[in-house]
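Residues per chain are reported as follows:
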Amino acid sequence: MPDVSKTFSGKAWRVHQFGPPDVMQLERVDTPEPGMNEVIVKVHAAGVGPWDGWIRAGNSALPQPLPLILGSDISGEVVAVGAGVPRFKVGDDVYGVTNKRFCGGYAQYAVASASMLDHKPVLIDHVAAASLPVIAVTAWQALFDQAGLERGQTVLIHGSAGNVGAYAVQFAREAGLRTVCTAASGDIESVVALGGETVIDYTKTRFEDEIRDVDAVIDLVGGETQTRSFRVLKKGGRLISAVSVPDQALAAQHQVLSKFFLVDVSTESLARISSLVSRGALRMNVGATLRFEQAKDAHLMLEGELPRPKGKIVLAMGEAN
């Protein structure tokens, strides 16, 4: 049986009340021993996503008892293994998501569910790995698990230059799908470089005037863009949104299926991503790498109160002390 008796103590970003970034407190915490099917990860990098801001503000779709440690995307080294974990051992480099509540990751030592981790691909560092899990798996599941797309079919990807969209374009290319993408003028070149075949400048052209009869729409924008998307689907097509619940009356009117989904990160879903990374078939985009101590700045970027470059925000950890 693995030895889980060692206690790990380090700093973590906690919130004791919901609110703006100012509620975040950097505190020393003792990490509990890993339970059944859990491991403790010495975190080298933690991804920052909009869902972290929703949780901090009290707008999570899931119950979030306080106090809590923010953060879900992590990459680091396994330092303790609980019972029932055959896949990982102490010393393994892993990446993935902490747990189904998407919390606990902004910490020097994090407890993580082993079923939501995979071995970190050796071709990338911890910062790149921490940028991947939620957004990459969201893109994969939208295309294949939710839309059920197959080689030769056509997909319209909205928000193709965004964090999720950029992976959706690449996965579609690798799977032999025909892609139509919407993007702003300044992003068209980058979307083409990722593998977008037809890229429509939504600031100048209404996409529904250009295309018809696509097999699926991947909606990463919502609002009016989502509503207008029903018009371009073939009968029996699918509109899959990772943003908001589609109008079911419109779906029925156009004789299509529509669905909102929440990402389900697992070892199996991460393994698909890892395989592409290991083949050098996936381009990552880390927009900003901040020090662990700058987590509040990262959330100010999420809120638009500090300038934010395109790409994923990642916190790079120092040594635990």
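Just so it is clear, the model here is predicted, and its values are computed rather than measured. (Residues numbered from 1 in each chain as written. Predicted model: local features only at pLDDT ≥ 70, side-chain atom pairs only at ≥ 80, totals over all residues. Heavy atoms only, no water.)

## Describing the overall build of the protein chain
- Per the secondary structure count, the protein chain includes 9 helices and 16 strands.
- Its C-alpha atoms give the protein chain a radius of gyration of 20 Å, near enough to 20 Å, the size a compact globule of 321 residues would have.
- Scored against the burial criterion, the 321 residues of the protein chain give a buried share of 54%.
- Pairs at least 24 residues apart make up 65% of the contacts formed inside the protein chain by residues separated by at least 6 positions.
- Accessible area for the protein chain stands at about 13,900 Å²; split by element, carbon and sulfur atoms hold 50% of it.
- Considering the protein chain, the positive charge centre built from 31 side chains and the negative charge centre built from 35 side chains are found 2 Å apart. (Helix = DSSP H or I, 4+ residues; strand = E, 2+ residues; numbered from the N terminus. Rg over C-alpha atoms; globule rule 2.2 N^0.38 Å. Buried < 20%, exposed > 50% of the residue type's maximum accessible area, 1.4 Å probe, protein only. Contact = heavy atoms within 4.5 Å. Areas by Shrake-Rupley, 256 points an atom, 1.4 Å probe, with all protein chains shown as cover. Lys, Arg positive; Asp, Glu negative; His and termini not counted. Charge placed at Lys NZ, Arg CZ, Asp CG, Glu CD.)

## What about the environment of Leu-257?
- With respect to the helices and strands, the residue Leu-257 is situated in strand 14 (residues 257-260).
- It is 8.9 Å that separates the C-alpha atoms of Leu-257 and Lys-235, two residues lying 22 residues apart in sequence.
- When residues no more than four places from it in sequence are discounted, the contact partners of Leu-257 are Gly-237, Arg-238 and Leu-239.

## Regarding the UniProt feature "domain: Enoyl reductase (ER)" (unreviewed entry) in the protein chain
- Under the local residue numbering, the UniProt record ascribes the feature "domain: Enoyl reductase (ER)" (unreviewed entry) to residues 19-315.
- Here residues 19-315 is 27% helix and 29% strand, with 21 Å between the C-alpha atoms at its ends. (UniProt positions renumbered as here; feature names shortened; annotations may be inferred.)

## What to know about the pairing of strand 9 (residues 154-157)
- Of the two faces of strand 9, the one holding Thr-154 and Leu-156 and the one holding Val-155 and Ile-157 are both buried throughout.
- Here 4 bridges tie strand 9 to strand 10 (residues 178-183), and the two strands are oriented parallel to one another. Residue Leu-156 lies in a different strand from strand 10, and its bridge partner there is Val-180.
- In this region the chain leaves strand 9, passes through helix 4 (residues 163-174) and returns to the parallel neighbour strand 10; the handedness of that crossover is right-handed.
- Bridge count for strand 9 against strand 12 (residues 214-219) is 3 bridges, and the pairing is parallel. The residue bridging Ile-157 from the neighbouring strand is Ile-218, located in strand 12. (Pairing = 2+ DSSP bridges. Right-handed = clockwise from strand over helix to strand, strands pointing away.)

## A few points about unusual backbone geometry
- In the segment running from Leu-66 into Pro-67, the intervening peptide bond is cis, with an omega of -10 degrees.
- The residue Pro-67 is located in the loop between helix 1 (50-57) and strand 4 (68-69) in this model.
- The phi angle at Asn-37 is positive, at roughly 65 degrees, despite the residue not being glycine.
- Secondary-structure assignment places Asn-37 in the loop between strand 2 (24-31) and strand 3 (38-48).
- One non-glycine residue with positive phi stands out, namely Gln-255, at about 60 degrees.
- The residue Gln-255 is located in the loop between helix 7 (248-253) and strand 14 in this model.
- Judged by its relative accessible area of 47%, Gln-255 falls in the partly exposed class.

## A closer look at the sheet that holds strand 1 (residues 8-15)
- Pairing within the open sheet is antiparallel, and its 3 strands lie in the order 2-1-4. The strands lining the two open edges of the sheet, one partner per strand, are strand 2 and strand 4.
- As paired elements, strand 1 and strand 2 share 8 bridges and run antiparallel to each other. Paired with Phe-8 across the two strands is Thr-31, which belongs to strand 2.

## Section: the pairing of strand 5 (residues 73-81)
- Most of strand 5 is tucked away, with 8 of its 9 residues classed as buried.
- Relative to strand 5, strand 3 runs antiparallel, the two sharing 7 bridges. Considered in strand 5, the bridge of Ala-45 is made with Ser-75.
- As defined by bridge partners, strand 5 adjoins strand 6 (residues 93-97) across 5 bridges and the pair is classed as antiparallel. Across the sheet, Asp-73 pairs through a bridge with Val-97, a residue of strand 6.

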